[in-house]
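Structure assessment
Now for the letters of each chain:
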Amino acid sequence: QVQLVESGGGLVQAGGSLRLSCAASGRAFSTYVMGWFRQAPGKEREFAAAISRIGSNIFYADSVNGRFTISRDNAKNTVYLQMNSLKPEDTAVYYCAGGVLLSKSEDAYNYWGQGTQVTVSS
C-alpha cells in the first residue's frame, strides 16, 4: 500500500487559482494511475481528473475541463492539480487517489489521501 498526502488547499476568491499537490510514499509511484476527486458539502464525491502512469492519457470531468490541469512528476512521487478560474461551485474537499486502472469511477482507486479543503468565495 501507498500513503497519499494532499496539500495546497485554502481560501480563494472566484477567478483565482490554486495548485494542489499529492505526495506519495514509496518507490512504486509510477506504477499507479492517479486521480483527483472532490466532495462538496451535502453532495457525493465526484470525479475531477485522472492521469495515466506516465501521463500519456488524461481524463477531465466536463465541469473542470479547460480550467484544471492534472500533471505528475514521477521522480518526485507527486501528482498536481492546477486549478484556474475557480468558481464557488468548485468549493469542496479534494482527494487524491491511486489505482491500477485509468477511470472516472472512484471504484477503480484503492488508495486515498485524507483530503484538502478548497473554498472559493463569491
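Everything in this summary refers to the structure shown in the same document. (Residues numbered from 1 in each chain as written. Predicted model: local features only at pLDDT ≥ 70, side-chain atom pairs only at ≥ 80, totals over all residues. Heavy atoms only, no water.)

**A short note on the pattern of salt bridges**
The tally for this structure, following the rule as stated, stands at four salt bridges. Between D90 and R38 there is a salt bridge; the shortest N-O distance is 2.8 Å. Here the residue D90 occupies a position in the loop between β8 (78-83) and β9 (92-99), and R38 occupies one in strand β4 (residues 33-39), the gap between them amounting to 52 residues. R67 is the partner of D90 in a salt bridge, and the nearest nitrogen-oxygen pair spans 2.7 Å. Here the residue D90 occupies a position in the loop between β8 and β9, and R67 occupies one in the loop between β6 (58-60) and β7 (68-73), the gap between them amounting to 23 residues. When its relative accessible area of 0% is taken as the criterion, D90 is described as buried. Given the relative accessible area of 10%, R67 is considered buried. Overlapping salt bridges bring together R38, E46, R67 and D90 as one network. (Salt bridge = Lys/Arg side-chain N within 4 Å of Asp/Glu carboxyl O. Helix = DSSP H or I, 4+ residues; strand = E, 2+ residues; numbered from the N terminus. Buried < 20%, exposed > 50% of the residue type's maximum accessible area, 1.4 Å probe, protein only.)

**Details of the state of the cysteines**
Per the counting criterion, the structure on display carries one disulfide. Sulfur-sulfur distance for the disulfide between C22 and C96 comes to 2.1 Å. Taking the torsion about the S-S bond as the criterion, the C22 to C96 disulfide, at about -80°, is left-handed. Remark: C96 occurs in strand β9 and C22 occurs in strand β3 (residues 18-24); sequence separation between them is 74 residues. Taken as a pair, C22 and C96 share a single burial class, namely buried. (Disulfide = S-S within 2.5 Å.)

**Overview of the packing of aromatic side chains**
Counted under the stated rule, the structure contains five aromatic pairs. Centroid distance F37 to Y109: 5.3 Å. Interplanar angle 75°. Geometry classified as edge-to-face. Within this pair, whereas F37 is found in strand β4, its partner Y109 is found in strand β10 (residues 109-112), the two being separated by 72 residues in sequence. By the burial criterion, F37 is buried, and Y109 matches it. Measuring from ring centre to ring centre gives 6.4 Å for Y109 and W112, while their planes differ by 70°; the resulting arrangement is edge-to-face. By relative accessible area, which is 26% here, W112 ends up partly exposed. In this structure an aromatic cluster arises from ring pairing among F37, F47, Y109 and W112. Sitting over the face of the ring of W112, R45 holds its NZ or CZ atom 3.9 Å from the ring centroid. The aromatic ring of F59 is capped on one face by K104, whose charged end is 5.6 Å from the ring centroid. (Phe/Tyr/Trp six-rings, centres within 6.5 Å; stacked < 30°, edge-to-face > 60°. Lys NZ or Arg CZ within 6 Å of the ring centre and 35° of its normal.)

**What about the sheet that holds β7?**
Overall, antiparallel pairing links the four strands, which are arranged β1-β3-β8-β7 in an open sheet. Where the open sheet ends on each side, the last strands, each with one partner, are β1 (4-7) and β7. On average, each strand axis in the sheet is tilted by 15° relative to the strand beside it, whichever way the strands run. Judged from the six bridges that link them, β7 and β8 form a sheet pairing that is antiparallel. Its bridge partner lying in β8, S71 is registered against Y80. (Pairing = 2+ DSSP bridges. Axes fitted to C-alpha atoms, helices over the stretch in contact; angles between N-to-C directions.)

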